[in-house]
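# Examination of the molecular architecture
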Amino acid sequence: MRFAIIAPPVPTKEWKQNFEKIAPHIPLVIGLDTKYPEEVECAMVWCQPKGSLTAFKNLKLIFSMGAGVDHVLKDDTIPGHIPICRVVDPQMAFSMTNYILMALLNHHRSWYEFQASQNKKHWSQFEFTERPVKVGVLGIGYLGMHAANEIHHLGFPVFGYSNSPKKTDFPSYAGNEFIEFIKQINVLVCSVPYTPKTHGLLNYELFEKLKEPTYLINVSRGNVQVEKDIVKALDKGLLSGAFLDVFEKEPLPKTSPLWDHPKVKITPHVASLTYPKESTRQVLNCFSRLEKGLSLPNQVDRTKMY
Ligand code: OXD
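### Notes on the site of the ligand
Residues in contact with the ligand, as listed here, are Trp-46, Gly-66, Ala-67, Gly-68, Met-92, Arg-221, His-269 and Ser-272. A distance of 2.7 Å is found between an oxygen atom of the ligand and a backbone nitrogen or oxygen belonging to Ala-67. Within the backbone of Gly-68, an N or O atom sits 2.7 Å from an oxygen atom of the ligand. Compared with its free state, where it exposes 210 Å², the ligand has 87% of that area covered by protein. Residue composition of the shell around the ligand, by class: 3 nonpolar, 4 polar and 1 charged.

This is how it looks when you write it as structure tokens:
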């Protein structure tokens, strides 16, 4: 029996080191170049090439090395009977929440304006006040809910939205209450999974329905946003700014107008990185439960795509 890591776009050295430390008895294959494909029973994946997993005829488990699973599911050759599980890690939630807080607080406390003053050696003591923020978290799954709770506990007004109703400590909306949700807010944090339903969700039509100029923070997936619509909405004042970690095409092409837009802040898909040690612990636990015929933690529902 072997495990494999199929993750062409990411460095795998740390994953390999952790795996070999935690499970020295299990041979690990990195990439697709193996003489023993039929021995691979578990594949840890991030953006595997389409069709690549079919070489592993005895594959029993697929484990997403990231919180999102769209990168796994876009490969429609994966046989339906193989369970897919994903990492759900409190440290990732901590990191994601801190990223969202960074974006939120920089906006709330006029950080960019103070920076501009500093560049001019200008003492702008009474020029910028705290911006009143009403934060909407679109997508209150594991990561979104963690962020929403922390922002709520800091004392900011928070509103949540999810597909199905959730029990929350703050007002939340579900299903066809979307318009009601976006009418409450002036900061929109997007943390939905990427599915056919969320494709292009952050578009001009939605921005036009916002009640107030809204600050957009997107930490979900680039294809949830329509970048030309974001630029248009910023220029028309429907959006007051955008703090973006994900893009329709990554790396963001040098020709993108987002790079130079004065109201846009960009980070290169780093809002929450996966921690190899905890992910390795989770994949080994999943596999051992599978072998014992037990239920699998954080198994993906392929019809919902999360
Ligand atoms: C993830 C990501 O899905 O980093 O974990 O985007």
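Still more to cover.
### Focus: the domain arrangement of the protein
Taken domain by domain, the protein holds domain 1 (2-89 + 274-291) and domain 2 (90-266). Between the C-alpha centres of domain 1 and domain 2 there is a distance of 32 Å. Tallying the contact residues gives 9 residues for domain 1 and 9 residues for domain 2. With both chains or domains summed, domain 1 and domain 2 bury close to 850 Å², and 61% of this area falls on carbon and sulfur atoms.

### Notes on unusual backbone geometry
Most peptide bonds take the trans configuration, and most residues that are not glycine carry a negative phi. Here Glu-250 and Pro-251 are connected by a cis peptide whose omega angle stands at -5°. Tracing the backbone through its elements, the reader meets Pro-251 in the loop between strand E11 (239-244) and strand E12 (264-266). We note that Cys-47 has phi near 55°; this positive angle belongs to a residue other than glycine. Following the sequence through the fold, Cys-47 ends up in the loop between strand E3 (40-45) and strand E4 (61-64).

Basis of the calculations
Residues numbered from 1 in each chain as written. Predicted model: local features only at pLDDT ≥ 70, side-chain atom pairs only at ≥ 80, totals over all residues. Heavy atoms only, no water. Near = heavy atom within 4 Å. Polar contact = N/O pair within 3.5 Å; in protein donor to acceptor, adjacent residues only side chain to side chain. Areas by Shrake-Rupley, 256 points an atom, 1.4 Å probe, with all protein chains shown as cover. Nonpolar A, V, L, I, M, F, W, Y, C, P; charged D, E, K, R; others polar. Domains from an automatic or database assignment. Contact = heavy atoms within 4.5 Å. Buried area = accessible area lost by both parts, 1.4 Å probe. Helix = DSSP H or I, 4+ residues; strand = E, 2+ residues; numbered from the N terminus.

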